[in-house]
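Here's the letter readout for the chains.
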Amino acid sequence: MNGILRDKKAFLVFLLPGLLFYVFSVFYPIADSIRLSVMKWNGITEAEFVGMKNYARLLSDPIFYKAFINNLIYLAIVVIMQLTIGFLFALLLTYLTRGVSLIKTLYYIPCIITTVAVSELFRSMYSTQPEGLFNIILENVGMGAYATSWLSNVKTALVCVSIPEGWRFTGMYMVIFYAALISLDPEICEAAKVDGANGWQTLIRIKLPMIRPILLLTLTMVMTGALRGFDIPFNLTNGGPGNVTELLSTYMYKKAFGANKFGLGSAIAVFIIFESMLVVFFLKQAFKERDSEEKSRKKRLRREKG
Amino acid sequence: MKKKTLKILLAAVILIFVVIQVYPVVWLFLSSVKPSVELSTAPFALPKTVTFENYRQILEEGKILKYMLNSVKVTGASLILIIFLSSTTGFALSKFRFACNNKIYAFFTFGIMIPVQITLIPLFCFYSKMGILNSTASLVVPQVGFALPLSVMMFVSFYAFVPNELIEAAIMDGCSPYKIFTRIVFPLAKNTVITIASMYTILIWNDFIFANTFISDNAAKTVAVGLKDYIGAFGRVDWGRTYAAIAVSVIPPMLVYFLLNKYVTAGMTMGATKG
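Residues numbered from 1 in each chain as written. Chains lettered and ligands numbered in written order. Predicted model: local features only at pLDDT ≥ 70, side-chain atom pairs only at ≥ 80, totals over all residues.

### Regarding the overall build of chain A
Along chain A, the regular secondary structure elements total 13 helices and 2 strands. Across its three principal directions, the C-alpha atoms of chain A cover 75 × 70 × 45 Å. Expressed as a percentage of the 306 residues in chain A, the buried residues total 40%. (Helix = DSSP H or I, 4+ residues; strand = E, 2+ residues; numbered from the N terminus. Buried ≥ 20, exposed ≤ 12 C-beta atoms within 10 Å, placed from the backbone.)

In structure tokens:
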């Protein structure tokens, strides 16, 4: 950032509207959430200061743990679907010579549809009355015994509310990976081929390391996105049956807007933000360590040579 | 020969994936022109008779159009604010020389990490105290706030391409900073404006969580939340009308996407590669 204008008054005129709006709409709520999380408040009577009691209650709440574990499973499914499938098809697409832009356009469609519509589409595919697509397919391949009412079966419900979210953004990550892969210098891969590397080795040793920044980025996006997952589970099952599909954010929503426990709800909200920041921090750390390892190895090699 | 089979295999695999990605959407439009009887007996077959009865019914009833008008209001107001606030703030951060610029920029980028759920309870309480639940403004505030980090980043990275010499020359000619912005820099940012506007039209139109929290009054519902009206509790659902309503509601973002495809994709992937 190397500007040249130095007019202080004009600077403030340009800067302040955006900055103030941002502080009010994003940072005031964060501060207020932290304040509310140490209060007991039903939204009507005077709020009462209770210190860390809300957090203590969460730690002894089995449903909170359940929601946390569910959230991790949800996260795993979403990460696997979006990143591995996204990457795989991006890779395949790089071998395609024609129609790439049309295919990219089509892959992208699911992420421009509202989550309510996505939920309803999947609800009718999961349904039993009338028979939904999944059961029809199972019956047609002779596995009709596995047909079930996917969303009310306690064994399948969590997986079933995770899949639509995974499906929705797979295309977007594919487009991102594709852009990263085709921006690689083809000469490097050629050189590897000349040196006798096969396709697999080229992928693991050359292509993946070269798109590391994109990997870090997409991992951060997917993971923080999944930790705050809300719309589709909320619309499909709202945490049910029982608490089988409860996620942290649906639990927060229930506590705050269902049971009017705004203090407890805020404590969960603070936990979600804390968790997201922790993930970002650890991912950055993990990628940084690898980087420095690599550097020191290269240095050592150079020394040995010299 | 072997190479050719591989090529065909590759194309087939990619095509299967296209079908998985696109089929649900195509099926949605097909279902919306099916008579309700067919939907309950053979929901996944191709329609035998094409009918626009479902559409006629929901349009006549008119609820969906009202919801869409609400969505247009929220989306329009948010877009104007997003563009205005981020283009000016971006200009301040990139074309002025002050020591605090980098810190403020980092403060904006930090916002990308913040989950929107954190704002629900505080804003809900604030709005109910002010009596502005169920208003357009109650949705515009968080939409704009959470759009600012990325759009400020996009403007800053575009302004980096506007040469300082151009601005120096304008100063020589006696141009004030305000004129430099309105006459020179902002008009150059046309592509950035289209990118941000097209991407956020889709995202804001589709927003569910804010609307579901701050809007309970039927008169103020946006289309994403209003769709839930068509979906009964369990089982007894008029699927035909539900699909028609969903189809109508996804048409505007689809149009934006297909008309401005290049910009939308650029915006979203830029969002990825910058965040």
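Once the structure has been displayed, the description carries forward.
### A word on the overall build of chain B
A count of helical and extended segments in chain B gives 14 helices and 0 strands. If you list the helices and strands of chain B from N to C, you get α-α-α-α-α-α-α-α-α-α-α-α-α-α. Radius of gyration (C-alpha) of chain B: 23 Å, far over the 19 Å computed for a compact globule of 275 residues. Taking the contacts inside chain B whose residues are at least 6 apart along the sequence as the reference set, 77% of them involve residues at least 24 apart. (Rg over C-alpha atoms; globule rule 2.2 N^0.38 Å. Contact = placed C-beta atoms within 7 Å.)

### As for helix α10 (residues 212-227) of chain A
Between its first and last C-alpha, α10(A) extends 22 Å over 16 residues, near the 22 Å set by a 1.5 Å rise per residue. Burial in α10(A) covers these residues: A:T218, A:T220, A:M221, A:V222, A:M223, A:T224, A:A226 and A:L227. (Expected span 1.5 Å × (residues − 1).)

### Let's talk about the interface of chain B and chain A
With 77 residues of chain B at the contact, the number on the chain A side is 73 residues. The leading source of residues in the side of chain B that touches chain A is helix α1 (residues 2-32) of chain B, at 10 residues. When grouped by side-chain class, the residues that make up the side of chain B that touches chain A number 50 nonpolar, 23 polar and 4 charged. (Nonpolar A, V, L, I, M, F, W, Y, C, P; charged D, E, K, R; others polar.)

### As for the environment of B:N134
All names here are of chain B. Among the secondary structure elements, N134 is positioned in the loop between α6 (120-130) and α7 (136-159). When the C-alpha positions of N134 and N218 are compared, they lie 8.9 Å apart, and in sequence the two are 84 residues distant. When sequence neighbours within four positions are dropped, the list of residues in contact with N134 reads I215, S216, D217 and A220.

### Brief notes about the environment of A:F122
Residue and element names in this part refer to chain A. In this structure, F122 sits in helix α5 (residues 115-126). Placed 113 residues apart in sequence, F122 and N235 show a C-alpha to C-alpha distance of 11 Å. Among residues more than four places away in sequence, those in contact with F122 are P164 and L236.

### Details of the confidence of the model for chain B
Here chain B averages 87 in pLDDT, while 94% of its residues score no lower than 70. Mean pLDDT values over the elements of chain B span from 71, in helix α2 (residues 36-41) of chain B, up to 95, in helix α4 (residues 63-95) of chain B. (pLDDT = per-residue confidence, 0-100.)

### Considerations on the packing of α7(B) against helix α10 (residues 190-206) of chain B
Residues and elements named next belong to chain B. In the contact formed by α7 and α10, the axes pass within 11 Å of each other and the chain directions differ by 160°. Between α7 and α10, the angle is such that the two are roughly antiparallel. In this structure, α7 crosses over α10, and the sense of that crossing is right-handed. Every residue of α10 that contacts α7 at Q143, A147, S151, M154, F155 and F158 is listed here: T192, T195, I196, Y200 and I204. In the contact of α7 with α10, the residues fall into 7 nonpolar, 4 polar and no charged. (Axes fitted to C-alpha atoms, helices over the stretch in contact; angles between N-to-C directions. Parallel < 35°, antiparallel > 145°, perpendicular 65-115°, else oblique. Left-handed = near helix turned anticlockwise from the far one by under 90°.)

### Some words on the environment of A:L215
On the secondary structure map, A:L215 appears in helix α10. Sequence separation between A:L215 and A:F87 is 128 residues, and the spatial gap between their C-alpha atoms is 9.9 Å.

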